[in-house]
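# Chains, contacts and geometry: an overview
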Amino acid sequence: MRFEAEDRVFVLTGAGVSAASGLATFRGSGGLWNGHRVEDVATPEAWEADPGLVWRFYSMRRRDALAAQPNAAHVALAELEKQMGDRFYLCTQNVDDLHERAGSERVHHMHGTLFESRCVWCEKPFADRAFYEDGAALPVCAECGRAVRPHIVWFGEVPLDLNSIFRELERATVLLVAGTSGSVYPAAGFVDVAHRRGIETIYVGPEEPLNARAFSEILLGPATEVLPTLL
Ligand code: BJW
Ligand code: ZN
């Protein structure tokens, strides 16, 4: 794919881009963790009911992400960013840091990041790579003593910095979406915004996403094979 000097590329990635690095997708492989539906531990209600369970889940996710390595899809996107500079915008739904470890510098994590936590009251995120697997020793805020939670956007919470996302979407000339089922909003609706603007919209993944109808092109295959060839 060739980009012209006036092109601006908006990339949206999802769990499928990290699948080849060994990180489970949400809706693949039964979507279960220790018998819980992932949707049931990634919610404010789960946090209210059992913060120890939620911290065990995110401690495991931290361990898995630390053990994983970026793959060819992450690398292809990092290389495109090097060529395009600030005409490239990478918005990921993923909470792992594999895009950054592949060399991407401008990554927006719309659903938060695994390696930050925040006090439920003070709300300021801070770097945190600890594991909280013992229910008796859950973290508390050094300032106010209230609970510290993962800096993750759960169902019913507003994704981070939607203003910058929609600003970039409004001026993009190409939307490239990879490895996401198109089932979680507002991310699943970005293609509708792009479609209304009449720009090129491309999906990359092994199967059609739920919002396939809105894309101008669907490239079926693993992101590790399709993205390096496409870009
Ligand atoms: C490969 C591959 C390979 C496999 N290569 N590909 C009804 C209508 C509209 C909206 C709603 C509604 N009811 C409720 C809502 C809102 C709700 C929502 O969308 N619910 C749906 C279930 C319907 N959304 C929210 O609550 C969001 N907030 C919100 O709406 O706020 C209100 C608001 C919005 C805007 C303005 C003002 C107010 C928040 C959503 C938070 C999502 N959180 C999670 C968990 C936290 C992060 C974490 O723990 O990691 O985020 S849920 C989970 O889903 C996670 C993911 O980021 C997200 C998306 O999943 P993804 O990435 O698509 O993964 P999968 O598993 O679904 O798909 C993997 C894909 O990869 C598949 O397609 C495979 O084919 C593919 N694949 N191998 C390439 N090798
Ligand atoms: Zn606090």
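Predicted model, so just to flag it, every value in this text is computed and none were measured.

The number of helices and strands found in the protein is nine helices and 11 strands. Its C-alpha radius of gyration of 18 Å places the protein within 12% of the 17 Å reference for a compact globule of 231 residues. Counting only C-alpha atoms and orienting by the principal axes, one finds that the protein spans roughly 55 × 35 × 30 Å. Within the protein, the proportion of its 231 residues that are buried is 51%. Partitioning the contacts of the protein with sequence separation of at least 6, the portion at a separation of at least 24 is 66%. A total accessible area of about 11200 Å² is found for the protein, and carbon and sulfur atoms account for 51% of it. Considering the protein, the positive charge centre built from 22 side chains and the negative charge centre built from 32 side chains are found 3 Å apart.

This next bit is on the domain arrangement of the protein. When its domains are assigned, the protein resolves into domain 1 (1-23 + 70-111 + 160-231) and domain 2 (26-67 + 113-152). Measuring from the centre of the C-alpha atoms in domain 1 to the corresponding centre in domain 2 gives 26 Å. Taken residue by residue, the interface counts 12 residues in domain 1 and 12 residues in domain 2. At the boundary of domain 1 with domain 2, total buried surface from both sides reaches about 880 Å², with 62% on carbon and sulfur atoms. The largest per-residue losses of area from domain 1 upon contact with domain 2 belong to Leu23, Val95 and Asp97, which jointly make up 43% of the total buried on that side. Counting every contact that joins domain 1 to domain 2 gives one salt bridge. With its nearest N and O atoms 3.8 Å apart, the salt bridge here joins Asp97 to Arg129. If you look at where domain 1 meets domain 2, you find two residue pairs in polar contact (both at pLDDT 80 or more). The residue inventory of the side of domain 1 that touches domain 2, partitioned by class, reads five nonpolar, four polar and three charged.

Across the sheet, three strands lie side by side as β7-β6-β8; this open sheet has antiparallel pairing. Single-partner strands in this sheet number two, and they are β7 (125-127) and β8 (148-152). Direction aside, neighbouring strands of the sheet carry axes that sit 50° apart on average. Examined bridge by bridge, strand β6 (residues 112-119) and β7 share three bridges and lie antiparallel to one another. Directly across from Arg118, in β7, lies its bridge partner Pro125.

The next subject is the packing of helix α7 (residues 162-171) against helix α8 (residues 190-197). The N-to-C vectors of α7 and α8 enclose an angle of 30°; their axes lie 9 Å apart at closest approach. Classified by the interaxial angle, the pair formed by α7 and α8 is roughly parallel. Here α7 runs over α8; the crossing is right-handed. Contacts between α7 and α8 involve Ile165, Phe166, Leu169, Glu170 and Arg171 from the former and Phe190, Val193 and Arg197 from the latter. Counted by class, the contact of α7 with α8 contains five nonpolar, no polar and three charged residues.

Each aromatic ring pair is described using two quantities: the centre-to-centre distance and the angle formed by the ring planes. Enumeration according to the criterion identifies eight aromatic pairs in this entry. When the ring of Trp55 is compared with that of Tyr132, the centres are 4.6 Å apart and the planes differ by 70°; the resulting orientation is edge-to-face. Of the two residues, Trp55 is situated in helix α4 (residues 51-67) and Tyr132 in the loop between β7 and β8; the sequence distance between them amounts to 77 residues. Pair check on accessibility: Trp55 and Tyr132 agree, each one buried. Consider the rings of Tyr58 and Trp154, whose centres lie 6.3 Å apart with planes at 40°: the pair is tilted. Here the residue Tyr58 occupies a position in helix α4, and Trp154 occupies one in the loop between β8 and α7, the gap between them amounting to 96 residues. Each member of the aromatic cluster is reached from another via a ring pair, and the members are Phe10, Tyr89, Phe166 and Phe190.

One pass over the structure, following the stated rule, counts nine salt bridges. Of the charged contacts, one joins Arg101 and Asp97 as a salt bridge, the two residues approaching to 3.1 Å between their closest N and O atoms. We classify Asp97 as buried; its relative accessible area is 12%. Among the ionic pairs, Glu170 bridges to Arg197, the shortest N-O distance being 3.8 Å. Here Arg197 lies in helix α8 and Glu170 lies in helix α7, a separation of 27 residues in the sequence. Here Glu170 falls in the partly exposed class, since its relative accessible area comes to 45%. Connected via shared salt-bridge partners are Arg8, Glu168 and Arg171.

Procedures and definitions
Residues numbered from 1 in each chain as written. Chains lettered and ligands numbered in written order. Predicted model: local features only at pLDDT ≥ 70, side-chain atom pairs only at ≥ 80, totals over all residues. Heavy atoms only, no water. Helix = DSSP H or I, 4+ residues; strand = E, 2+ residues; numbered from the N terminus. Rg over C-alpha atoms; globule rule 2.2 N^0.38 Å. Buried < 20%, exposed > 50% of the residue type's maximum accessible area, 1.4 Å probe, protein only. Contact = heavy atoms within 4.5 Å. Areas by Shrake-Rupley, 256 points an atom, 1.4 Å probe, with all protein chains shown as cover. Lys, Arg positive; Asp, Glu negative; His and termini not counted. Charge placed at Lys NZ, Arg CZ, Asp CG, Glu CD. Domains from an automatic or database assignment. Buried area = accessible area lost by both parts, 1.4 Å probe. Salt bridge = Lys/Arg side-chain N within 4 Å of Asp/Glu carboxyl O. Polar contact = N/O pair within 3.5 Å; in protein donor to acceptor, adjacent residues only side chain to side chain. Nonpolar A, V, L, I, M, F, W, Y, C, P; charged D, E, K, R; others polar. Pairing = 2+ DSSP bridges. Axes fitted to C-alpha atoms, helices over the stretch in contact; angles between N-to-C directions. Parallel < 35°, antiparallel > 145°, perpendicular 65-115°, else oblique. Left-handed = near helix turned anticlockwise from the far one by under 90°. Phe/Tyr/Trp six-rings, centres within 6.5 Å; stacked < 30°, edge-to-face > 60°.

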